[in-house]
Amino acid sequence: MNFGTIKGKLTLFFTILILGFTVIAYLTFKGNSDADRAIKRIGDIGKLETSEAKLMMNLRGYQLLLDETFAQKYENEYLTIVKNLNALLEQSRSADAKVQIKEILGLIKEWKDGNNERIDLIGKYKKDINTDAFAITEDGKKLAALTRISADRYQIIEEKIAVFKEGVEKRNLKYVKDSSVFSEITIALIVMVSIGTFMLLVRSINFSISTAKERCEDIMMSKNLTKKIETGTKDEIAEAMAS
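Let us look at the structure shown here. (Residues numbered from 1 in each chain as written. Predicted model: local features only at pLDDT ≥ 70, side-chain atom pairs only at ≥ 80, totals over all residues. Heavy atoms only, no water.)

1. A short note on the nonpolar core
Stated formally: For the purposes of this section, nonpolar cores are sets of buried Ala, Val, Leu, Ile, Met, Phe, Trp, Tyr and Cys residues that join through side-chain atoms within 4.5 Å. Burial here depends on accessible area, computed with a 1.4 Å probe over protein chains only, as a share of the maximum for the residue type. Under 20% is buried, over 50% is exposed, and the range in between is partly exposed. The helix and strand labels rest on DSSP assignments: H or I over at least four residues marks a helix, E over at least two residues marks a strand, and numbering proceeds from the N terminus.
Of all hydrophobic cores here, the largest spans 32 residues; its most connected members are Leu85, Ile101, Ile108, Trp111 and Phe164. Listed by contribution, the elements that provide at least two residues to this core are α1 (6–65), α2 (68–91), α3 (95–125) and α5 (138–222). If you tally residues by element for this core, the top one is α3, at 10 residues.

Right, dumping it as structure tokens:
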């Protein structure tokens, strides 16, 4: 392709435009995709917090109401929260986030294992756990101690999840913001290159036309029809003047 000709220059200009619009379309798609992923991750953290709250609610419900339905829901919610955490672990690209998720998984498992004896005591004594007579027994004191330990461990889990959520939100919002800035800069550069190329194209064509016009006026003034017209370019106008 000869870019010295008008056709070559137009081809170059339209090629730049096509590539520019392609890049803009890609950046737009990527920006939307990044935003969707960020929203999904933050939504998954919200589900994690909901599962965490349900986990404790069902355990307390079982201890207060002695309804086996709460015990079953407690077990199911534990499986749900572990599943959600493992899904977040697979999705996370940040090394810090992976460490935090693994820590939360370990704390929740430790909390769950620590509740087994508590649940066994509740199942063994049923309604008696709410009596003053049971409270002064060795198992009554053990249940009270296990309940306090469980509450303390749960509070630590809550705090860890809150810190994790804050970190995920900051990282994702920063990533989306950085991607947006990069896209804006890239689009600005594409526009500038396109405008610059167009202006150079117009200037080049105008130069050829004005040069040819000046040479023709020289011939008219000198009345020398044998004088060769040279525009100093190698485009279609120069070819037309040379023929």
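2. Some points on α2
Rules: Here the expected length of a helix is defined as 1.5 Å per residue gap, with one fewer gap than residues.
In a regular helix each residue adds 1.5 Å, so 24 residues correspond to 34 Å; α2 covers 35 Å between its end C-alpha atoms and thus fits that length. Turning to α2, its buried residues are Ala71, Tyr74, Glu77, Tyr78, Ile81, Leu85, Leu88 and Leu89.

3. Some words on α3
Counted only if it meets this: The seven residues ending at a residue and the seven starting there each receive a fitted axis; the angle between those axes is the bend at that residue. Polar contacts here mean pairs of N or O atoms no more than 3.5 Å apart (in protein, one a potential hydrogen donor and the other a potential acceptor; neighbouring residues in sequence count only if both atoms are side-chain atoms).
In this model α3 runs 46 Å from its N-terminal to its C-terminal C-alpha over 31 residues, within 8% of the 45 Å that 1.5 Å per residue would give. Largest kink in α3: about 30°, centred on asparagine 116. The opening residue of α3 is serine 94, an N-cap whose side-chain oxygen sits 3.3 Å from the backbone nitrogen of aspartate 96. At the C-terminal side of α3, lysine 126 shows a positive phi close to 55°.

4. Some words on the packing of aromatic side chains
Heads up, the condition is: For Phe, Tyr and Trp, where Trp contributes only its six-membered ring, two rings pair if their centres lie within 6.5 Å, and the inter-plane angle classes them as stacked under 30 degrees, edge-to-face over 60, or tilted in between. Placement of a charge over a ring requires the Lys NZ or Arg CZ to be within 6 Å of the ring centre, with the centre-to-atom vector within 35 degrees of the ring normal.
Taken as a whole and judged by the stated rule, the model has 5 aromatic pairs. Relative to tyrosine 154, the ring of tryptophan 111 lies with its centre 5.8 Å away and its plane at 45°, an arrangement referred to as tilted. Residue tryptophan 111 is found in helix α3, and its partner tyrosine 154 is found in helix α5; the two are separated by 43 residues along the sequence. Take tyrosine 154: its relative accessible area is 8%, and that puts it in the buried class. Relative to phenylalanine 134, the ring of tyrosine 125 has its centre 4.7 Å away and its plane inclined at 50°; by these criteria the two rings are tilted. Classification of tyrosine 125 as partly exposed rests on a relative accessible area of 22%. Connected via pairs of aromatic rings, a cluster forms that spans Phe13, Phe14 and Phe198. Here the basic side chain of arginine 93 rests over the ring of tyrosine 175, its NZ or CZ set 5.0 Å away from the ring centre. The side chain of lysine 112 reaches across the aromatic face of tyrosine 78, ending 5.0 Å from its centre.

5. Looking at the environment of valine 176
To keep it simple, the criterion reads: Should any heavy atoms of two residues lie within 4.5 Å, those residues are considered in contact.
Inspection of the secondary structure puts valine 176 in helix α5. Given a relative accessible area of 26%, valine 176 falls into the partly exposed group. With near-sequence residues (within four places) excluded, valine 176 lies in contact with Asp34, Ala35 and Ala38.

6. Section: unusual backbone geometry
Of note in the backbone geometry, leucine 66 takes a positive phi value of approximately 55° without being a glycine. In this structure, leucine 66 sits in the loop between α1 and α2.

7. Let's talk about the pattern of salt bridges
To be explicit about the condition: Each salt bridge in this description consists of a side-chain nitrogen of Lys or Arg and a carboxyl oxygen of Asp or Glu lying within 4 Å of one another.
Per the stated rule, a full pass over the model turns up 10 salt bridges. Notably, a salt bridge pairs lysine 112 with glutamate 75, separated by 3.2 Å at the nearest N-O pair. Of this pair, lysine 112 sits in helix α3 while glutamate 75 is found in helix α2, placing the two residues 37 residues apart along the sequence. Judged by its relative accessible area of 30%, glutamate 75 falls in the partly exposed class. When the shortest N-O distance is used, the salt bridge between aspartate 113 and lysine 109 registers 3.0 Å. Of this pair, aspartate 113 and lysine 109 both sit in helix α3, separated by 4 residues, roughly a single helical turn. On the basis of relative accessible area, aspartate 113 is assigned to the partly exposed category, the value being 39%. Exposure remark for lysine 109: the relative accessible area of 46% places this residue in the partly exposed category.

8. Focus on the side chain of asparagine 115
With respect to the secondary-structure elements, asparagine 115 resides in helix α3. Every residue in contact with asparagine 115, bar those within four places of it in the chain, is listed here: Leu59, Tyr74 and Ser150.

9. A word on a nonpolar patch on the surface
Our working rule: The patches reported here contain residues having more than 30% relative accessible area and no salt bridge. Joining distances are 9 Å for like charges and 5 Å for nonpolar side chains (Val, Leu, Ile, Met, Phe, Trp, Tyr). The Shrake-Rupley method, run with a 1.4 Å probe sphere, supplies the accessible areas, and residue values consider only the shown protein chains as cover.
A contiguous nonpolar patch, built from Val191, Ile195, Phe198, Met199 and Val202 and spanning about 440 Å² of accessible area, is present on the exposed surface. Looking at the secondary structure, you find valine 202 in helix α5. Note on valine 202: relative accessible area 32%, which makes it partly exposed.

10. With respect to the side chain of aspartate 44
Relative to the helices and strands, aspartate 44 resides in helix α1. Not counting chain neighbours up to four residues away, the residues in contact with aspartate 44 comprise Leu88 and Gln91.

Distances and angles like these do not, on their own, reveal function.
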